[in-house]
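# Descriptive structure summary
This is what each chain is made of:
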Number of protein chains: 2
Amino acid sequence: MMIVMHNVLVSMMLIMNNVKSEDFGGGVMRYPAAETAEKHERILNEAARLFREHGFSGVSVSEIMKATGLTHGPFYNHFDSKEALMADSVLHGMQKTLDGLEGTEASAKGKAEYVRRYLSKAHMNAGGGECTMAALASEIRREPQVKGPFTLRLKAIVEAMASHFPWSSKRAARGDSIRALSAMVGALILARAVEDGPFAEEILNEVRKGLV
Amino acid sequence: MMIVMHNVLVSMMLIMNNVKSEDFGGGVMRYPAAETAEKHERILNEAARLFREHGFSGVSVSEIMKATGLTHGPFYNHFDSKEALMADSVLHGMQKTLDGLEGTEASAKGKAEYVRRYLSKAHMNAGGGECTMAALASEIRREPQVKGPFTLRLKAIVEAMASHFPWSSKRAARGDSIRALSAMVGALILARAVEDGPFAEEILNEVRKGLV
DNA sequence: TTTTATACATGATGATTGTCATGCATAACG
DNA sequence: CGTTATGCATGACAATCATCATGTATAAAA
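Residues numbered from 1 in each chain as written. Chains lettered and ligands numbered in written order. Predicted model: local features only at pLDDT ≥ 70, side-chain atom pairs only at ≥ 80, totals over all residues. Heavy atoms only, no water.

### So, the interface of chain A and chain B
Taken together, the contacts link 50 residues of chain A with 50 residues of chain B. Taking both partners together, chain A and chain B bury about 3,800 Å²; carbon and sulfur atoms supply 61% of that area. When the buried area of chain A at its contact with chain B is split by residue, Arg141, Leu190 and Phe199 of chain A rank highest and sum to 17% of it. Counting across the interface, chain A meets chain B through 10 salt bridges. Residue Arg174 of chain B pairs with Glu202 of chain A through a salt bridge whose shortest N-O separation is 2.5 Å. The interface formed by chain A and chain B holds 22 residue pairs in polar contact (both at pLDDT 80 or more) in total. Within the residue set of the side of chain A that touches chain B, elements represented by two or more residues are α2 (33–54), α8 (132–140), α9 (144–164), α10 (173–193) and α11 (197–211) of chain A. Of the residues assigned to the side of chain A that touches chain B, the class counts are 23 nonpolar, 11 polar and 16 charged. (Contact = heavy atoms within 4.5 Å. Buried area = accessible area lost by both parts, 1.4 Å probe. Salt bridge = Lys/Arg side-chain N within 4 Å of Asp/Glu carboxyl O. Polar contact = N/O pair within 3.5 Å; in protein donor to acceptor, adjacent residues only side chain to side chain. Helix = DSSP H or I, 4+ residues; strand = E, 2+ residues; numbered from the N terminus. Nonpolar A, V, L, I, M, F, W, Y, C, P; charged D, E, K, R; others polar.)

Laid out in structure tokens, this is it:
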């Protein structure tokens, strides 16, 4: 009885504390559509970054929202589910990779620079700034909703590499691109999993030597 | 008071129910050391398989123990933590890869067959039977305790590839091995993440053509 | 102007999970 | 042979998490 009364009192105190008007809506409004769209974009960016850094299961919805500057509440006003966000994040991240590729100088020099940058120590150590494929590909295979967007953009990336950079021949361009991409992604993944710094760099360097 | 007494009664009933002798030890014994060692090995095998198939965070300790034919209880009689099991599983799985490599015919033909098998549709679709590197490398980088064992065995695998198979020259053997391994792992990871069957096979085929 | 739909903060919920606690029969050890 | 340490099953616990519920002010629609 004592305990029950105590609980009731505590609940009442909590309720009273919560009814300060500034607790609702951040103090104001139904938010303007422009701001809402911007927040949506911010969620996507933070999610993509955090997923790359910690993996899909290493980041909670709350953490993503907090990184965006919101609470966990409005998440479902923006996305249907965590898995839907994962799919959009991958699409978003790989689109950026595609843009970066197409923004590179379309020459042998541009290609060599791109490879060097991809297989650099800096990229290896870039927490959330790295390539979506290297960060998440082995998890994507277990996420049905994500495989579609991933496939879509990977195809575009292969095509962009084949047509944008010079290769030994027109006919070999696509195959060469696939080989280069596989080696680059594989090397980055292995190098990042390795604890031994010099060995990790050896992996990056050897693969780079094979490509430039 | 009423509630407290009720709880005590429920507890007593539960205790009484638990005191059926068949509830303990599966019916018997302090288990013979030989059987215990065998169970330890089974846990390791099931864990390695399940981790490869579902990822580290996709499998619970209980599931692993159940797959081994035990309950979750004795897990901590066998391993210090889930993370310690992850480390041992990776060591175990990569040791098998190493053994398979060294058991392959030490010739150009043996090498070509190994590559073909690695980049086959069957290997791509092999749920838990696949290569530890392709299955878990991108998660290992986020698991401090696992990186050490992984590094150790990856070094051994690179050395085994370089010394076991014929390469263009003695001096190039190590670099060639690293390049081949990176391309194979990268190709398998990308192919598995892709939803489109023909595209996945194209990735495997192009990389294979580059290696044999 | 009136009505409606929505983005937000707070809080709740049910499920999952890594780890620990307990009691016991007996193999291993001295 | 007597003692002890161990591997097991059952159960409990605290934490974490994805998702849902609620109340609100107001932008947007009518």
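### Observations regarding the relation of the copies chain A and chain B
Take chain A, turn it by 180°, move it 0.0 Å along the axis, and it overlays chain B with an RMSD of 0.0 Å. The operation mapping one copy onto its partner corresponds to a two-fold rotation axis. (Least-squares fit on C-alpha atoms with pLDDT ≥ 70 in both.)

### Notes on the confidence of the model for chain A
With 86% of its residues at a pLDDT of 70 or more, chain A shows a mean pLDDT of 88. Across residues 1–27 of chain A, where pLDDT falls below 50, the model places 6 contacts with residues more than four positions away in sequence or in other chains. (pLDDT = per-residue confidence, 0-100.)

### Let's talk about helix α6 (residues 108–118) of chain A
Residues of α6 of chain A that are buried: Gly110, Lys111, Ala112, Tyr114, Val115 and Tyr118 of chain A. Check the buried side of α6 of chain A and you find it contacts α5 (82–102), α7 (121–125), α8, α10 and α11 of chain A. (Buried < 20%, exposed > 50% of the residue type's maximum accessible area, 1.4 Å probe, protein only.)

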